[in-house]
Amino acid sequence: VDIMINEGSISAIQGNFQRAEQLFFEGLQMSQAYGLVENLPFIYNNLAFIYESTRQWEQALSFYQRSFELAKETEKRMDLIEAGINLGKVYWEMGEVRSAEKILNLVSKDWEVKDQPFLEAHLRQLQGKIYGSFKEYGKAYQTLLLSQQILDKLENELSSTRNLSDEILLITQEKQRL
């Protein structure tokens, strides 16, 4: 099942949504058949991503809702946060701003996201858009600024990691040469 899920993820990243959908549905069927409930929120989330990517909003919404509910049942915090943020994004795309606001407020209040900066940045970005749509421009600006600061910090950390990796590679090459 894990191989199927991984192949589905790779296919989705490559934009081969039909293949990804097929693999995720096979993984879903196998997970259900073998009682692997811990896989279900992730699989539903990825199926929803496929529908979101192809702008099939109703299907995306349905699968994100299922992912969210399953994540609550299995108490998988990260899946819950990710599904909640994705639900908010789809509600936003569908013009259901109040529904987006409701789910994002739930995610930001009930589940701490500060230890997951990438998810927090996306949460804040969506909240900023919502504030803007309600003409709360000060809140929108502050929230979007916070999102950008988080993303900048992540980029700096990634850059530092790349530099460190480059240094390690150079030292290793030098050591092998000697």
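All figures in this text were calculated on a predicted structure; none of them were measured in a lab.

(A) Seen up close, unusual backbone geometry. Of note, arginine 55 is a non-glycine position whose phi angle comes to about 60 degrees, a positive value. Mapped onto the secondary structure, arginine 55 falls in the loop between helix H3 (40-53) and helix H4 (57-74). Taking the relative accessible area as the measure of exposure, arginine 55 reaches 57% and is therefore exposed. Phi angles above zero are rare outside glycine, and lysine 135 is one such case at about 65 degrees.

(B) Representation of the side chain of serine 31 within the structure. For serine 31, the position within the fold is in helix H2 (residues 17-33). With sequence-adjacent residues up to four places away left out, serine 31 is seen in contact with Val1, Leu36, Asn39, Leu40 and Ile43.

(C) View of H3. Here H3 spans 20 Å end to end across 14 residues, near enough to the 20 Å set by a 1.5 Å rise per residue. Counting buried positions over the 14 residues of H3 gives 11, a clear majority of the element. Residues of H3 that are buried: Leu40, Pro41, Ile43, Tyr44, Asn45, Asn46, Leu47, Ala48, Ile50, Tyr51 and Glu52. On its buried side, H3 packs onto helix H1 (2-13), H2, H4 and helix H5 (77-93). Once H3 finishes, arginine 55 follows within two positions and takes phi at roughly 60 degrees, a positive value.

Criteria and cut-off values
Every chain's residues receive numbers from 1 upward, in the order its sequence appears when written. Only residues with pLDDT of at least 70 are given local features in this predicted model, and only at 80 or more are side-chain atom pairs given and counted; all residues enter the totals for whole chains, interfaces and linings. To obtain the side-chain values, all non-hydrogen atoms of the structure were used and water was disregarded. Helix numbers and strand numbers start at the N terminus; a helix is a DSSP run of H or I with at least 4 residues, a strand a run of E with at least 2. For the exposure calls, accessible area comes from a 1.4 Å probe over protein chains only, and a residue counts as buried if that area is under 20% of its type's maximum, exposed if over 50%, partly exposed in between. Contact definition: two residues touch when any of their heavy atoms are within 4.5 Å. The span expected for a helix works out to 1.5 Å for each residue beyond the first.

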